2 protein chains.
Amino acid sequence: MANIRHIAKLAGVSVSTVSRVLNGHPYVREEKRLAVEQAMNSLNYARNMNAVHLLRGRTDMIGVMLPSINHPYFSKLVEGISDEALQAGCRLVLCQTGYAEEEERNALHMVKEKQIDGLILCSKALGWDEIVPYAAFGSIVACGEDAGGLLPSVFIDHYASFRAGIRHVMSKGHTRIGLALSRYASHSSDQRRQAYWDAITEIGEQHREDWTFYDCYGIEDGAQVVRQLHGMAERPTAMLVTGDQVAAGMIAEAAKLGIRVPDDLAILGFDNQPIAHVLGITTIDNQLHEMGREAFRMLQVSLLGEEPPVSRVEIPFALVERTTV
Amino acid sequence: MANIRHIAKLAGVSVSTVSRVLNGHPYVREEKRLAVEQAMNSLNYARNMNAVHLLRGRTDMIGVMLPSINHPYFSKLVEGISDEALQAGCRLVLCQTGYAEEEERNALHMVKEKQIDGLILCSKALGWDEIVPYAAFGSIVACGEDAGGLLPSVFIDHYASFRAGIRHVMSKGHTRIGLALSRYASHSSDQRRQAYWDAITEIGEQHREDWTFYDCYGIEDGAQVVRQLHGMAERPTAMLVTGDQVAAGMIAEAAKLGIRVPDDLAILGFDNQPIAHVLGITTIDNQLHEMGREAFRMLQVSLLGEEPPVSRVEIPFALVERTTV
DNA sequence: GTAAATTATGAAACGCTTTTCATGTCAAGC
DNA sequence: GCTTGACATGAAAAGCGTTTCATAATTTAC
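This is a predicted model, so every value here is computed, not measured.

Q: Which residues make up the relation of the copies chain A and chain B, and what are the values?
A: Here the two chain copies are tied together by a rotation about an axis and a shift along that axis. Mapping chain A onto chain B calls for a rotation angle of 180° and an axial translation of 0.0 Å; the resulting RMSD is 0.0 Å. When the rotation and shift are considered jointly, the pair of chain copies conforms to a two-fold rotation axis. Minimal C-alpha separation from the rotation axis in chain A is found for A:Val93, amounting to 2.2 Å. By residue overlap, the copies meet face to face through one surface: 100% of the interface positions of chain A are interface positions in chain B.

Structure below.
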């Protein structure tokens, strides 16, 4: 493999000159520039970026931590991040963790080891206390959840969005309301539970633990929820469902079981994914694409160094009324 | 930032010894090992992987080239690749190209510049002639399409799968059949067109250019197709649709327009995505997850060097009969 | 015509770790 | 008591491009 020294020798110049040509610096005589370019061509030269990275102390790559890329929530988010990164000449390294803490640590370690300049956390299992120290080695930003002033964050106010969702559901006359959430132990689930409890309490109802389902991510999980509901003596008349995929699964299963949506069971989804569009699911749009873009922008300013008091950007949400509530 | 020399000095040993500790080599006296470990802790040391990469000439990262991650076809594929990569201790660098040739070249360039050890091509616009030379600098494997012996490939026999699809559609009595494809100029579209033409010719029908739609990727594209069909005097009674997202869009739009599926219009999807499950779309399962895994495995053996005569693995497909044909 | 400013170029240092080679110590074996 | 082999350790080179510093060659300015 040709290196810069080979080129220098072949072109009859010093490595400095080759480097200057490589980087488009001025102060290289046309005649030498040509000689260098010719040498590079004839040896089919490409510089070794690892040397550049070592020298610069920067790789122009950032990591994206998420449990799984094969979920529309995350792939939409990543697309947003990627779009913005592309413009900045920055590459994305996928860190699929499946919420395994060791994998999350590995991803964080990459910034300490300078493999990546920063990391965007799309969802995580680790506590902030274990994450924050890594911010000393690169920029780490939270995306989709507020890191509470510990790290720059782009997020949705899950409490408010859930309240808005419940308000809408209640406006249709529902008082018996259930929930399908993702992980039990996550900040967003906390907020959502709280919003649910507060709203339910306000109308003088009891919140029902048996109407609260966890670990709902995909279509199959939604189907499972409906099956369980079907077997209950007392059932909710409406469900708030985090993720349109899950809502879609519920709708499909409901159809099989002869449960009419929204008459027997109203369903409110979240994220406004394409599937919600097709199935006419009433949902809350979280502008995931924009959130991803903003996360990257935030990381970028954080990379520049002089950080102001840890920025926090809230992405607005919007109810998209269709036919399932 | 602490480096290995600082550690050596603080621990009172040579850098060689520190390196040995770092890499778990034997032949380090317990006492020195402890001193080194203590020094590393107190300086909060982590090695600079860029130096390691430079030295090794390898980064344990590979690129994944695709037009957009926000499409279930690709995110499923990437998940498969990622699962296998994780086991091999290899990271994935996302190369979203949007089919822009310059972006594709950039991705290829990364392997020449040793930023990545290899590249998996999930879909591309560039011709093989421009791609193949880069295989000299790292492993490049084609995933989803056969590179015709030029590169290791994992692929589906699109001709056969389309023939199987058409056979199924015809078995339900359809003779007036249309097509919704993705890019006009792609190997898979060529194969599919050919399968369609051959099948249509066999039953003595004419293939209809006006029933062939291109650039169909998402739900909205499917809706568009149905709208166009709706305005036609002569319509097909069945459509073969590459991608369940597109099929889903068609079904949703058909419902709006009062077109009954499958009675007025039969729809056969491809890929067996979750959305096909929910909507009961008859589809052809291409085992994308497995295809991704196989692609990585292939890249890995190719990385080992002694390549046998360019491996080619065909992934079998299977008809999943549901309710839309 | 000379001082000052530009333009050009190369040597050497730097960034950081791994690996090879040489050297040295110590215990086992005969 | 001396040779082997195993165990330990450090110096130095290698991997490769960028940048600083010093020097040299030209121009420009007055």
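On we go from here.
Q: I'd like to hear about the packing of aromatic side chains, residue by residue, with values.
A: The geometry of an aromatic ring pair is captured by the separation of the ring centres together with the interplanar angle, meaning the angle of the planes. Across all of its chains, the model carries six aromatic pairs over all chains by this definition. Relative to A:Phe74, the ring of A:Tyr73 lies with its centre 4.9 Å away and its plane at 85°, an arrangement referred to as edge-to-face. You'll find A:Tyr73 and A:Phe74 in the same group, each marked buried. Of note, B:Arg193 hangs over the ring of B:Tyr184, and the distance from its end group to the ring centre comes to 4.3 Å.

Q: I'd like a rundown of the UniProt feature "domain: HTH lacI-type" (unreviewed entry) in chain A, residues and numbers included.
A: UniProt marks residues 2-56 of chain A with the feature "domain: HTH lacI-type" (unreviewed entry), using the numbering shown here. Split by type, residues 2-56 of chain A is 67% helix and 0% strand. Its first and last C-alpha atoms lie 21 Å apart.

Q: Give a detailed account of the protein's contact with DNA strand D, specifying residues and quantitative values.
A: If you check the shell around DNA strand D, you find 25 residues, and the closest are A:Ile4, A:Tyr45, A:Arg47, A:Leu55 and B:Thr17. When atoms of DNA strand D within 4 Å of the protein are split into backbone and base, the sugar-phosphate part holds 58%. At a separation of 3.2 Å, a phosphate oxygen of DNA strand D approaches a polar side-chain atom of A:Asn23. One of the side-chain N or O atoms of B:Ser16 is found 2.8 Å from a base nitrogen in DNA strand D. Of all the secondary-structure elements, those providing two or more residues to the surface near DNA strand D are helix H1 (4-11), helix H2 (15-22) and helix H4 (49-56) of chain A together with helix H2 (15-22) and helix H4 (49-56) of chain B. Its residues assigned to classes, the surface near DNA strand D shows twelve nonpolar, eight polar and five charged.

Analysis parameters
Residues numbered from 1 in each chain as written. Chains lettered and ligands numbered in written order. Predicted model: local features only at pLDDT ≥ 70, side-chain atom pairs only at ≥ 80, totals over all residues. Heavy atoms only, no water. Least-squares fit on C-alpha atoms with pLDDT ≥ 70 in both. Contact = heavy atoms within 4.5 Å. Phe/Tyr/Trp six-rings, centres within 6.5 Å; stacked < 30°, edge-to-face > 60°. Buried < 20%, exposed > 50% of the residue type's maximum accessible area, 1.4 Å probe, protein only. Lys NZ or Arg CZ within 6 Å of the ring centre and 35° of its normal. UniProt positions renumbered as here; feature names shortened; annotations may be inferred. Helix = DSSP H or I, 4+ residues; strand = E, 2+ residues; numbered from the N terminus. Near = heavy atom within 4 Å. Polar contact = N/O pair within 3.5 Å; in protein donor to acceptor, adjacent residues only side chain to side chain. Nonpolar A, V, L, I, M, F, W, Y, C, P; charged D, E, K, R; others polar.

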